Amino acid sequence: MAKFKLDEVDHQILDMLIENTRIPFTDIAKKLLISAGTVHVRVKKMEEAGIIIGSSLTLDYGKLGYSFIAYVGVFLNKTSQTTFVLERIAQIPFVTVAHVTTGKFNIFCKIRAKDTNHAKNIIFLLDDIEGVYRTETMISLEESINDKKRLMHSIFQDLV
């Protein structure tokens, strides 16, 4: 499959969509001085090329009562148990992200909880999964950087 070439207009479209996935194509077109049809065609091509995969909604979990974030490193008895353990982790709704990793942990998870007691109960659920040897938890004091645009701009510079 040939590598998809992005031009400056594509970069600007992506920049606006990263900022607000709900921005109407007509608003993008007005800002870029192109037609809404052009925006639609370019976005469609980026979707077909797999560059754009869906869109997402960002929630303020703090306002929903889930402001506690922790990262849990999971140690397994055997690496061969990874798939089994991930299937069990996927059943815990408060585990929002899980990565299979190299290094100290076999699996690294992000959890969201109401408070420390709720987090403790989630960690106990992780610890009780068959195949989990132990866990190690780090509490997030604040999310200081969460910026998708900086990475995108860096990637664009590499493509030029």
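- The name given to the chain in an unreviewed UniProt entry is Lrp/AsnC family transcriptional regulator, and the organism recorded there is Dokdonia ponticola.

A word on the sheet that holds strand β1 (residues 68-76)
Point 1. With antiparallel pairing, four strands are arranged side by side in an open sheet as β2-β3-β1-β4. On the outer flanks of this sheet lie β2 (95-100) and β4 (132-139), each paired with one strand and no other. Each strand axis lies, on average, 20° off the axis of its neighbour in the sheet, ignoring direction.
Point 2. Sheet analysis places β2 next to strand β3 (residues 107-113), joined by five bridges and oriented antiparallel. Bridging across to β3, V97 finds its partner in K110.
Point 3. Along the sheet, helix α5 (residues 116-127) contacts β1, β2, β3 and β4; its crossing angle with β3, the most-contacted strand, is approximately 145°.

Thoughts on the pairing of β3
Point 1. Counted residue by residue, β3 has six buried out of seven residues, so it is predominantly covered.
Point 2. As consecutive antiparallel partners, β2 and β3 are separated by six residues, and within that stretch G103 has a phi angle of approximately 90°, a positive value.

As for helix α3 (residues 36-48)
Point 1. Taking 1.5 Å per residue, 13 residues should reach 18 Å; α3 reaches 18 Å between its end C-alpha atoms and fits that length.
Point 2. Taken together, the buried positions of α3 are V39, V43 and M46. Burial along α3 is one-sided: seen end-on, the buried residues are contained in an arc of 60°.
Point 3. In this structure, the buried side of α3 is in contact with α1 (8-19) and α2 (25-32).
Point 4. Within two residues after α3, G50 carries a phi angle of roughly 80°, on the positive side.

Describing α1
Point 1. Between its first and last C-alpha atoms α1 spans 17 Å; for twelve residues at 1.5 Å apiece the expected length is 16 Å, and the two agree.
Point 2. The N-terminus of α1 is capped by D7, whose side-chain oxygen sits 3.1 Å from the backbone nitrogen of V9.

With respect to the packing of aromatic side chains
Point 1. Counted according to the given criterion, the structure contains four aromatic pairs.
Point 2. Note on F75 and F105: the rings are 5.2 Å apart at their centroids and 65° apart in plane angle, and the pair reads as edge-to-face. Of this pair, F75 sits in strand β1 while F105 sits in the loop between β2 and β3, and the two are 30 residues apart along the sequence. For the pair shown, F75 and F105 are each scored as buried.
Point 3. A network of ring pairs unites the aromatic residues Y71, F75, F105 and F108 as a single cluster.
Point 4. Geometry around F75 places R134 over its ring, the cationic atom sitting 4.1 Å from the centre.

Each value, and the rule that gives it
Residues numbered from 1 in each chain as written. Predicted model: local features only at pLDDT ≥ 70, side-chain atom pairs only at ≥ 80, totals over all residues. Heavy atoms only, no water. Pairing = 2+ DSSP bridges. Helix = DSSP H or I, 4+ residues; strand = E, 2+ residues; numbered from the N terminus. Axes fitted to C-alpha atoms, helices over the stretch in contact; angles between N-to-C directions. Contact = heavy atoms within 4.5 Å. Buried < 20%, exposed > 50% of the residue type's maximum accessible area, 1.4 Å probe, protein only. Expected span 1.5 Å × (residues − 1). Arc of directions from axis to C-beta. Polar contact = N/O pair within 3.5 Å; in protein donor to acceptor, adjacent residues only side chain to side chain. Phe/Tyr/Trp six-rings, centres within 6.5 Å; stacked < 30°, edge-to-face > 60°. Lys NZ or Arg CZ within 6 Å of the ring centre and 35° of its normal.

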